[in-house]
Amino acid sequence: QVQLVESGGGLVQTGGPLRLSCAASGRTFSNYAMGWFRQASGKEREFVAAIDLSGGRTYVDSVKGRFTISRDNVKNMGYLQMNSLIPEDTAVYYCAARWTISGSVYREAYEYPYWGQGTQVTVSS
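Residues numbered from 1 in each chain as written. Predicted model: local features only at pLDDT ≥ 70, side-chain atom pairs only at ≥ 80, totals over all residues. Heavy atoms only, no water.

Undergrad: I'm lost on the pattern of salt bridges in this one. Help?
TA: As a working rule, side chains carrying opposite charge can pair if their charged atoms are close by. Inspection of the entire model under this criterion finds four salt bridges. Residue Arg38 is joined to Asp89 by a salt bridge in which the shortest nitrogen-to-oxygen separation is 2.9 Å. Of this pair, Arg38 sits in strand β4 (residues 32-39) while Asp89 sits in the loop between β8 (77-82) and β9 (91-99), placing them 51 residues apart in sequence. By sharing partners, the salt bridges in this structure join Arg38, Glu46, Arg66 and Asp89 into a single network. (Salt bridge = Lys/Arg side-chain N within 4 Å of Asp/Glu carboxyl O. Helix = DSSP H or I, 4+ residues; strand = E, 2+ residues; numbered from the N terminus.)

This is how it looks when you write it as structure tokens:
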């Protein structure tokens, strides 16, 4: 089992950057695919980005070109660099992980058994 803790959320103005971090502990992080999801108030949780074991990435269309997902297997960390933020990005952001031996990226929340507690991101207009 792996434990995940997000950090880096906060209040930022439209157009500004923010970097979220996800600290993993308990197992070898290099064996886990990772994803970022978000949930805005009153809305369902949605996929944001995912990264596979070798660094392959996928994004939801609304963040392509603005967000970058990455990982550091030595430090057991995952990251979500968010640039050009807009008010519609306001949400609680969650990192998620699943053990895998495949090269797949996973876009569905049900595919991830391990979740962090979330970190709030608020973008002011």
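Once you've had a look at it, read on.
Undergrad: Sorry if this is basic, but what is going on with unusual backbone geometry here?
TA: Keep in mind that most residues, glycine aside, have a negative phi and that most peptide bonds are trans. Of note, Asn76 is a non-glycine position whose phi angle comes to about 60°, a positive value. Assignment of secondary structure puts Asn76 in the loop between β7 (67-72) and β8. The exposure class of Asn76 is partly exposed, given its relative accessible area of 21%. Phi angles above zero are rare outside glycine, and Ser84 is one such case at about 50°. Along the chain, the position of Ser84 falls in the loop between β8 and β9. A relative accessible area of 40% means that Ser84 is categorised as partly exposed. (Buried < 20%, exposed > 50% of the residue type's maximum accessible area, 1.4 Å probe, protein only.)

Undergrad: Hey, could you run me through the sheet that holds strand β3 (residues 18-25) in this one?
TA: Across a sheet, strands are paired by hydrogen bonds formed along the backbone, either parallel or antiparallel in direction. Spatially, four strands are ordered β1-β3-β8-β7 in an open sheet, and the strand pairing comes out antiparallel. Each edge of the sheet is formed by a strand with only one pairing partner; in this case those strands are β1 (3-7) and β7. Taken over all neighbouring pairs, the strand axes of this sheet differ in orientation by 15° on average, direction set aside. The pairing of β7 with β8 spans six bridges and is classified as antiparallel. Residue pairing for β8: Ser70 is matched across the bridge by Tyr79. (Pairing = 2+ DSSP bridges. Axes fitted to C-alpha atoms, helices over the stretch in contact; angles between N-to-C directions.)

Undergrad: Please explain the environment of Glu44 as it appears in this structure.
TA: One can find Glu44 in the loop between β4 and β5 (46-51). Taking relative accessible area as the criterion, Glu44 reaches 71% and is therefore assigned exposed. Excluding residues within four positions of it along the chain, Glu44 makes contact with Arg38 and Gln39. (Contact = heavy atoms within 4.5 Å.)

Undergrad: Would you mind going over the packing of aromatic side chains with me for this structure?
TA: Each aromatic ring pair is characterised by the separation of its centres together with the angle its planes make. Going through the model one piece at a time under the given rule, you end up with seven aromatic pairs. Ring geometry for Tyr32 against Tyr114: centres 6.1 Å apart, planes inclined by 65°, an arrangement best described as edge-to-face. Within this pair, whereas Tyr32 is found in strand β4, its partner Tyr114 is found in strand β10 (residues 114-115), the two being separated by 82 residues in sequence. Ring plane angle 85° and centroid distance 6.3 Å describe the contact between Tyr106 and Tyr112, whose orientation is recorded as edge-to-face. As far as the burial class goes, Tyr106 and Tyr112 line up, both buried. A network of ring pairs unites the aromatic residues Phe37, Phe47, Tyr94, Tyr106, Tyr112 and Trp115 as a single cluster. Taking NZ or CZ as reference, Arg45 lies 4.7 Å from the ring centre of Trp115, over its face. Over the ring of Phe29 we find Arg71; its NZ or CZ atom is 4.6 Å from the centre of that ring. (Phe/Tyr/Trp six-rings, centres within 6.5 Å; stacked < 30°, edge-to-face > 60°. Lys NZ or Arg CZ within 6 Å of the ring centre and 35° of its normal.)

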